[in-house]
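Structural overview for review
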Amino acid sequence: MFYQNGIRSLGSIKKEMQNRKKVLFILPCLGAGGAERVMSFVCENLDNKLFDTKLIVLGFQKDNVFNVENVAVTYLNKSRLLVAVPSLFKVIIKEKPSFVVGSIIHVNLMMGVFSIFLRKIKFIGREASVVSKMNEFSTFNSKIKAILIKLFYSRLTFLICQSEDMRKDFISTFDLKSSRLVLIHNPITFIPKEESMYKSNSNSENFNFVTVGRLSEEKGYLRIIKGLSKIQNYSFTYCIIGSGPQEEQIKQLVEEYGLNDKVSFIPFTSNVLGELINKNYFIQGSYVEGFPNALLESCTVGTPVIAFNAPGGTKDIVINGENGFFVENENDFSSLLNNLERLKSIDRNKVKLSVINKFNSEKILSQYEELLNS
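Residues numbered from 1 in each chain as written. Predicted model: local features only at pLDDT ≥ 70, side-chain atom pairs only at ≥ 80, totals over all residues. Heavy atoms only, no water.

**Description of the overall build of the protein**
Along its length, the protein carries 16 helices and 15 strands. Against the 2.2 N^0.38 benchmark of 21 Å for 374 residues, the protein shows a C-alpha radius of gyration of 22 Å, consistent with a compact globule. Residue pairs at least 24 apart in sequence account for 68% of intrachain contacts in the protein once pairs closer than 6 positions are excluded. Only carbon and sulfur atoms are counted for the fraction: they give 50% of the accessible area of the protein, which is about 17900 Å². (Helix = DSSP H or I, 4+ residues; strand = E, 2+ residues; numbered from the N terminus. Rg over C-alpha atoms; globule rule 2.2 N^0.38 Å. Contact = heavy atoms within 4.5 Å. Areas by Shrake-Rupley, 256 points an atom, 1.4 Å probe, with all protein chains shown as cover.)

Structure below.
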C-alpha cells in the first residue's frame, strides 16, 4: 500500500475496495429463527476491507424480527421459495458475486441447481440439522429428500456443518466428500455486561425453568412436561418461549398433569436474554438438534442447562457437571430434577466462561473469512 505521512493514499484505498470479494447471503426471511439471526450477523460483520457483502431476502421486510443496519439488503417480496427462483437467479447474474452463501435445506438445494448454470460462482451452503435424524419428524418424503441432497449438495463448493454429528451424517448417509464439509459453530452474538448478570439465590426452594424453541415434536416438550410433573420436594415454574404446531398438544398435557399454575407460554419476545438471565435452568428436551442457539445464549448469561443427550451440536456446548447436565432418558431426567443439591452445585460464572472463549464472534467470523479466502 502507498502511504503519505502515515496516511494511506486515496489510490490505495480504491484499489483495496476494488479487490474485495463480493459475497451474497441468501435467506428466506428475517423472521425469528437461529439461521436467520446467525447468517445476518455473519453478513453484517465480515471484514469490509476484504469482503463486499449483500443480503438477499426472499420474503418481505414487514416480516423482519432482526434489525439489519450494517449491510445492503434486497427484498424479493416473494411468499415462497419456488416463486422466488427466477428473481433470485436474475439478481445473482446482475451482482456477479464470487460467492453465494445460503442456509436451510431448500435454499441449499436451489443453489446446487444454480451451480449447473453459474459455474464461475462458488456456492456455499449451511445446514441446520442432522438431516437423517430430522427426517424421522418430517412430513416430506425422506427418500426423495435424500436423493435431492445427494444430487445437489454434492455440487456445492462447500457445506458448512454446525456440529461434528452433522458432518459425520453427511458423510455416512449421503456420501458427501469430507473435503467439502466444513465445521463452523454458531457465534455468540451478544455478551451482557457483568453487572447485568443475575445472581441466583442458592438457598431458594423455588426453581424457575425455561425452554426457548419451536413448539414441534422433535423438540421433546412432552417429555419435559412429564418430567416436571414428577418434582416432589420443591416448588417451580416453567416458561416456554416459542410457537409451533404442537402448541395445543403441549397445553393439553400441562392441563392433564395439573400444571397450569406453574407453566407459562410466551409466543415471542425480543428480550430472550432477559428471560434467560432470570431463570435457574434452561431445559432442552430435543431428540435432534443442529446447533442450539438458545442453549448457547443461556450459557452466555450464566444460566446452566439440562439437556437430553441427542444427535447434533448440544454436546459441543454442554460440559456435564460444569455448565449443566446431560440426561439419557426420562427416568434420568426425573431423578436429576428431584436432586436439588446437585442442581444447585453449578457455578453460574463458570457456565459463562465455558462458552465465551470457544464460541466468541471474532473466532467464528475468522473461520468464515478463512473459508471465503480458501
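**Points about the sheet that holds strand E4 (residues 51–57)**
Spatially, E5-E4-E3-E6-E7-E8-E9 is the arrangement adopted by the seven strands of the open sheet, whose pairing is parallel. With one partner strand each, in any of the chains shown, strand E5 (72–75) and strand E9 (181–183) form the two edges of the open sheet. Taken pair by pair, the neighbouring strands of this sheet meet at an average axis angle of 25 degrees, ignoring direction. Bridging between strand E7 (residues 122–126) and strand E8 (residues 158–161) involves three bridges; their strand directions are parallel. Each bridged residue has a counterpart across the sheet, and for Ile124 the counterpart in E8 is Phe158. Of the strands in this sheet, strand E3 (21–27), strand E6 (99–103), E7 and E8 are in contact with helix H4 (residues 105–117), which crosses E6 at around 150 degrees. (Pairing = 2+ DSSP bridges. Axes fitted to C-alpha atoms, helices over the stretch in contact; angles between N-to-C directions.)

**What about the pairing of strand E15 (residues 324–327)?**
Alternating positions in E15 separate into two faces, Gly324 and Phe326 on one and Phe325 and Val327 on the other, with burial throughout. In the sheet, strand E14 (residues 305–308) pairs with E15 via four bridges, with the strands oriented parallel. Directly across from Ala307, in E15, lies its bridge partner Phe326. (Buried < 20%, exposed > 50% of the residue type's maximum accessible area, 1.4 Å probe, protein only.)

**Regarding the packing of aromatic side chains**
Enumeration according to the criterion identifies eleven aromatic pairs in this entry. Measuring from ring centre to ring centre gives 5.1 Å for Phe89 and Phe114, while their planes differ by 70 degrees; the resulting arrangement is edge-to-face. Pair noted here: Phe89 is in helix H3 (residues 81–95) and Phe114 is in helix H4, with a separation of 25 residues, a long-range link. A relative accessible area of 23% places Phe89 in the partly exposed class. Using a relative accessible area of 4% as the deciding quantity, one classes Phe114 as buried. By the ring-pair criterion, three or more aromatic residues cluster together here, those being Phe207, Phe209, Tyr234, Phe236 and Tyr281. For Arg223, the ring lying beneath its charged end belongs to Tyr287, and the centroid distance is 3.8 Å. Lying over the aromatic face of Phe308, Arg223 brings its terminal NZ or CZ to 3.8 Å of the ring centre. (Phe/Tyr/Trp six-rings, centres within 6.5 Å; stacked < 30°, edge-to-face > 60°. Lys NZ or Arg CZ within 6 Å of the ring centre and 35° of its normal.)

**Considering the environment of Lys262**
Along the polypeptide, Lys262 turns up in the loop between helix H9 (247–256) and strand E12 (263–266). By relative accessible area, which is 25% here, Lys262 ends up partly exposed. In this structure, Lys262 is in contact with Phe236, Thr237 and Tyr238, ignoring residues within four places of it in sequence.

**Section: the layout of surface pockets**
Within this model, the second largest pocket holds a volume of roughly 300 Å³. If you go around the second largest pocket, the residues you meet are Ser79, Arg80, Leu81, Leu82, Val85, His106, Leu109, Met110 and Val113. Mapped by element, the contributors of at least two residues to the lining of the second largest pocket are H3 and H4. Looking at the lining of the second largest pocket, the element that brings in the most residues is H4, giving four residues. Here the lining of the second largest pocket is composed, by residue class, of six nonpolar, two polar and one charged. (1 Å grid on protein atoms, 1.4 Å probe; cavity = no way out; pocket = protein on both sides within 12 Å on 5 of 7 lines; lining within 4 Å. Points joined across faces, edges and corners; volume = space filled by probe spheres on them. Nonpolar A, V, L, I, M, F, W, Y, C, P; charged D, E, K, R; others polar.)

**Comments concerning a nonpolar patch on the surface**
Together, Val113, Ile116 and Phe117 give the surface a local cluster of nonpolar side chains, amounting to about 260 Å² of exposed area. Looking at the secondary structure, you find Val113 in helix H4. Val113 sits in the partly exposed class, given a relative accessible area of 30%. (Patch = residues over 30% accessible without salt bridge, like charges linked within 9 Å, V, L, I, M, F, W, Y side chains within 5 Å. Salt bridge = Lys/Arg side-chain N within 4 Å of Asp/Glu carboxyl O.)

**Digging into the packing of helix H6 (residues 142–152) against helix H7 (residues 164–174)**
With their axes 11 Å apart at the nearest point, H6 and H7 run at an angle of 100 degrees to one another. Relative to H7, H6 is oriented roughly perpendicular. In this structure, H6 contributes Ala146, Ile149 and Lys150 to the contact, and H7 contributes Phe170, Thr173 and Phe174. When the residues that make up the contact of H6 with H7 are grouped by side-chain class, the tally is four nonpolar, one polar and one charged. (Parallel < 35°, antiparallel > 145°, perpendicular 65-115°, else oblique.)

**With respect to the sheet that holds strand E13 (residues 281–284)**
Here six strands make up an open sheet; going across it, the order is E12-E11-E10-E13-E14-E15 and the pairing parallel. If you trace the sheet from one side to the other, it starts and ends with E12 and E15, each paired once. Neighbouring strand axes in the sheet, compared pairwise and without regard to direction, differ in orientation by 20 degrees on average. Bridge count between strand E10 (residues 206–212) and strand E11 (residues 235–241): seven bridges; the pairing is parallel. Note that in E11 the partner of Val212 across the bridge is Ile241.

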